[in-house]
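Residue-level structure breakdown
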Amino acid sequence: KHWACSCGHLWNTFDTKGKCPKCKTQWDTTRCPGCGQSTLHEDWYKSKEDIAEIEKSGDPVLRAKKKSLESSLIDYGIKNHRVSHLPYLDHGKENFQSPYEAACRMMILYALTYSAANLPDRPLIIEWLKTEKVWDKVSPKEKDFFETLTPAEDLLLDMSWHIEGALTLAWCLKKVKALPRLDDEENEEVFEEFQNNVPEIGASLESFLSQLEFRDLAEIYEENLLNELATTYFRDLSFSGKEDETQINRFTSFERHIVLNWLRRFMGVGEWDEVDTST
């Protein structure tokens with residue numbers, strides 16, 4: 001689906017070693033759909049020895065991460081994306097938020113989700129957040145939601161989706177063992193685990209917020225990249241008009257993308273309302 005002959009025929013150029021099945025034109029070069037550059041067609045083919053040499057080159061840890069991330073993408077149905085820039089997979093230079101900040105953000109997202117379904121309780125939730133010294137971490141847009149008399153329906157829907165961000169941060173903080181798959185709509189067990197391991201709305205937070213740690217940051221970073229690339233996939237679909245070949249819930253994926261970009265301070269942004277989700 002990536003290659004077209006000058007005669008208009010579309011086909012997989014590697015099925016015929018660059019020769020158009022319709023008009024029989026032999027193409028000497030082939031364009032890479034990833035980087036856009038054209039190279040000699042014969043240079044695309046590697047022997048087993050060449051492949052083994054390539055696999056041995058570069059950082060073996062990053063090579064393993066590349067395979068893991070690409071396998072996850074393929075498993076979800078995103079079959080044509082490959083990571084060519086290995087440093088992209090290195091989380092060592094990322095400036096992650098602290099576990100304390102992550103836990104505060106998790107409770108804020110939890111409170112927003114709860115408030116979307118229980119609007120009359122918002123004054124009590126505001127007082128609770130102030131008492132627990134978390135209110136100053138609520139973003140300006142979130143404060144508007146808490147204080148607006150009658151929020152718009154689309155805003156209520158947006159707030160209800162924040163439970164996915166709260167679950168994601170709970171996973172980062174080892175309060176949830178595993179995140180549901182992006183194509184799994186059944187997450188009741190995970191939400192029950194979340195409720196069992198996270199303070200209730202209105203409960204004291206002091207002890208909870210002081211005893212937290214992250215799971216392996218490399219694991220968190222890979223989850224971030226998975227959802228970043230899923231966002232890229234869906235944006236590409238919107239431009240190309242092609243059909244979605246996955247069963248991914250794009251709203252769940254995007255919520256994870258947002259919260260994990262915030263967690264790693266993507267593009268140097270640490271303020272919630274300014275989180276960058278560019279890909």
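A brief report on the enclosed structure follows. What you see is a predicted model, and the numbers here were worked out from it, not measured in a lab. Throughout this document, residue positions are counted from 1 along each chain, in the order its sequence is written. Selection of residues for local features in this predicted model requires a pLDDT of at least 70, selection of side-chain atom pairs for listing and counting requires 80 or more, and totals for whole chains, interfaces and linings are taken over all residues. Based on all heavy atoms of the structure, the side-chain values leave hydrogens and waters out of the count.

Only DSSP runs of H or I covering at least 4 residues are called helices, and only runs of E covering at least 2 are called strands; the numbering of each starts at the N terminus. A count of helices and strands for the protein chain gives 11 helices and two strands. In the protein chain, the succession of helices and strands from N to C terminus is β-β-α-α-α-α-α-α-α-α-α-α-α. Each principal axis of the C-alpha atoms in the protein chain carries an extent, and together these give about 75 × 40 × 35 Å. Throughout, a contact is declared for two residues whenever any of their heavy atoms are within 4.5 Å. Here the analysis covers contacts within the protein chain between residues at least 6 apart in sequence; of these, 63% occur between residues at least 24 apart. Using a 1.4 Å probe, accessible areas were evaluated by the Shrake-Rupley method; residue-level cover was limited to the displayed protein chains. Accessible surface, the protein chain as shown: approximately 15900 Å² in total, 51% of it carbon and sulfur. Taking the average location of the 34 positive side-chain charges in the protein chain and that of its 50 negative ones, the two points are 7 Å from each other. Charge counting treats Lys and Arg as positive and Asp and Glu as negative, with His and both chain ends excluded. Taken as the charge location is NZ of Lys, CZ of Arg, CG of Asp or CD of Glu.

Further remarks concern the packing of aromatic side chains. Note on aromatic contacts: the rings of Phe and Tyr and the six-membered ring of Trp form a pair at centre separations within 6.5 Å, being stacked when their planes are under 30 degrees apart, edge-to-face when over 60 apart, and tilted otherwise. The full count for this structure, using the stated rule, is 10 aromatic pairs. Taking the centre distance of 4.9 Å and the plane angle of 80 degrees together, the rings of Y110 and F194 count as edge-to-face. Linking Y110 in helix 3 (residues 99-117) with F194 in helix 8 (residues 188-197), this pair joins segments that are 84 residues apart in sequence. Of the two residues, Y110 and F194, neither departs from the other in class, the shared state being buried. Centroid distance F145 to F146: 5.8 Å. Interplanar angle 55 degrees. Geometry classified as tilted. Only protein chains enter the calculation, and the probe is 1.4 Å; a residue is then buried if its accessible area is under 20% of its type maximum, exposed if over 50%, and partly exposed in between.

Any carboxyl oxygen of Asp or Glu within 4 Å of a side-chain nitrogen of Lys or Arg constitutes a salt bridge here. Scanning the entire structure with this criterion turns up 11 salt bridges. One salt bridge connects E101 with K137, and the closest N-O pair in it is separated by 2.9 Å. In this pair, E101 sits in helix 3 while K137 sits in the loop between helix 4 (122-131) and helix 5 (140-147), placing the two residues 36 residues apart along the sequence. Judged by relative accessible area, which is 25%, K137 ranks as partly exposed. One continuous salt-bridge network, built from bridges that share partners, spans D75, R181 and D183.

Grid points spaced at 1 Å and placed over the protein atoms alone form the basis of the search, with a cavity being a set where a 1.4 Å probe fits but cannot get out and a pocket an open set showing protein on both sides within 12 Å along at least five of seven lines. Lining residues have an atom within 4 Å of a point. Grid points are joined across faces, edges and corners, and a volume is the space filled by probe spheres set on the points. What the rule picks out here adds up to one cavity of 30 Å³ or more. Put simply, the largest cavity is a space of about 40 Å³. Taken together, K65, L69, L89, A218, Y221, E222 and L225 form the lining of the largest cavity. Looking at the lining of the largest cavity, the elements that each hand over two or more residues are helix 2 (60-76) and helix 10 (217-240). Here the element with the most residues in the lining of the largest cavity is helix 10; it accounts for four residues. A per-class count over the lining of the largest cavity returns five nonpolar, no polar and two charged. Classes in brief: Ala, Val, Leu, Ile, Met, Phe, Trp, Tyr, Cys and Pro nonpolar; Asp, Glu, Lys and Arg charged; the others, Gly included, polar.

Quick look at the layout of surface pockets now. By rolling a water-sized probe across the atoms, one finds the places where empty space is left. The volume enclosed by the second largest pocket comes to roughly 620 Å³. D158, H162, F254, E255 and I258 are, among the 21 residues lining the second largest pocket, the residues nearest its centre. Listed by contribution, the elements that provide at least two residues to the lining of the second largest pocket are helix 5, helix 6 (153-160), helix 10 and helix 11 (250-263). Sorting elements by how many residues they give to the lining of the second largest pocket places helix 11 first, with six residues. Among the residues making up the lining of the second largest pocket, the classes are represented as 10 nonpolar, five polar and six charged.

A few words on the side chain of R215. Along the chain, the position of R215 falls in the loop between helix 9 (206-209) and helix 10. Residue class for R215 comes out buried when judged on its relative accessible area of 14%. Within the structure, R215 has its side chain in polar contact with the backbone oxygen of K177 (distance 3.4 Å). Contact partners of R215, with chain neighbours within four places excluded, come to W171, C172, K174, V176, K177 and I220. What qualifies as a polar contact is a pair of N or O atoms within 3.5 Å, subject to a donor-acceptor requirement within protein and to the restriction that residues adjacent in sequence count only when both atoms come from side chains.

For the rest of this paragraph, the subject is the side chain of E255. Residue placement: E255 occurs in helix 11. Of the side chains with opposite charge, R105 lies nearest to the buried E255, which makes no salt bridge, at 8.9 Å. Contacts of E255, omitting those with residues within four sequence positions, involve D158, W161, H162, E164 and G165.

Function cannot be inferred from these measures alone, as they are strictly geometric.
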